[in-house]
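Below are the chains, spelled out letter by letter.
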Amino acid sequence: MNLQDVVGEVATGSAVALVSGAATGGAAWVGLKVRQLLHRGTPAERDALITVFNDQGASAEELVARLTPLIRAHLDSHPEAIADFRTLSVTGPTVYNQHNTGSGLFIGGDNLGSLTINHGGLQRG
């Protein structure tokens, strides 16, 4: 496999990961991830990638098709970025969500460490 094939696969895999991350992590996650990945590029490059997500009527496949050439152009200009994008395409997006329901502290979730919230109540020790 030559470098151009690798770049193509990494660009496509990264586009898929960004689109799936956007579905679960939202606009804030996309903006942060694009800024992290394209830190070698220009603000215009970063804005172009983020703007793709503004088309709310586009399917995931359409978004991937629009993102892939933009990512590929960045990787062609900055081959040292291939490792960063490859990591995203291999591991996928990491998005953490926690939703607590019911009463009490962190029902349905984990509480690691100590947390005390006493609004006018007695302090536990």
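All of the points below concern the structure found in this document. Here the structure is a predicted model, which means the values were calculated and not measured.

Take the nonpolar core next. Membership of the largest hydrophobic core comes to 26 residues, with the highest contact counts inside it found for L18, L49, F53, L67, I71, L75 and F85. Secondary structure elements with two or more residues in this core: α1 (3-37), α2 (43-52), α3 (60-77) and α4 (82-91). It is α1 that provides the largest number of residues to this core, a total of twelve residues. The residues touching L18, leaving out its near neighbours within four places in the chain, are W29, V30, K33, L37, L49, F53, L67, I71 and L88.

With 18 residues, α3 ought to run about 26 Å at 1.5 Å a step, and its terminal C-alpha atoms sit 26 Å apart, in line with that. Among all positions of α3, only L63, V64, L67, T68, I71, H74 and L75 are buried.

Tracing the backbone through its elements, the reader meets H78 in the loop between α3 and α4. Look past the residues within four positions of H78 in its chain and what remains in contact with it is R40, G41 and E45.

Attention now moves to α1. With 35 residues, α1 extends only 19 Å from end C-alpha to end C-alpha; this falls clearly short of the ideal 51 Å at 1.5 Å per step. At G25, α1 shows its maximal bend, which comes to roughly 130°.

Quick look at the packing of α1 against α2 now. Following both chains from N to C, one finds α1 and α2 inclined at 160°, their axes separated by 10 Å at the closest point. The orientation of α1 relative to α2 falls into the category roughly antiparallel. Note on packing geometry: the crossing formed by α1 with α2 is left-handed. On α2, the residues that touch L18, G31, V34 and R35 of α1 are R46, L49 and I50.

What follows deals with the pattern of salt bridges. Applying the stated criterion to the full structure yields three salt bridges. With a closest N to O distance of 3.7 Å, R40 and E80 form a salt bridge. Separated by 40 residues along the polypeptide, R40 in the loop between α1 and α2 and E80 in the loop between α3 and α4 bring together distant segments of the chain. Given a relative accessible area of 46%, E80 falls into the partly exposed group. R40 is paired through a salt bridge with D84; the nearest N and O atoms lie 3.1 Å apart.

Cut-offs applied
- Residues numbered from 1 in each chain as written.
- Predicted model: local features only at pLDDT ≥ 70, side-chain atom pairs only at ≥ 80, totals over all residues.
- Heavy atoms only, no water.
- Core = buried A, V, L, I, M, F, W, Y, C linked by side-chain atoms within 4.5 Å.
- Buried < 20%, exposed > 50% of the residue type's maximum accessible area, 1.4 Å probe, protein only.
- Helix = DSSP H or I, 4+ residues; strand = E, 2+ residues; numbered from the N terminus.
- Contact = heavy atoms within 4.5 Å.
- Expected span 1.5 Å × (residues − 1).
- Bend = angle between axes of the 7 residues up to and from the residue.
- Axes fitted to C-alpha atoms, helices over the stretch in contact; angles between N-to-C directions.
- Parallel < 35°, antiparallel > 145°, perpendicular 65-115°, else oblique.
- Left-handed = near helix turned anticlockwise from the far one by under 90°.
- Salt bridge = Lys/Arg side-chain N within 4 Å of Asp/Glu carboxyl O.

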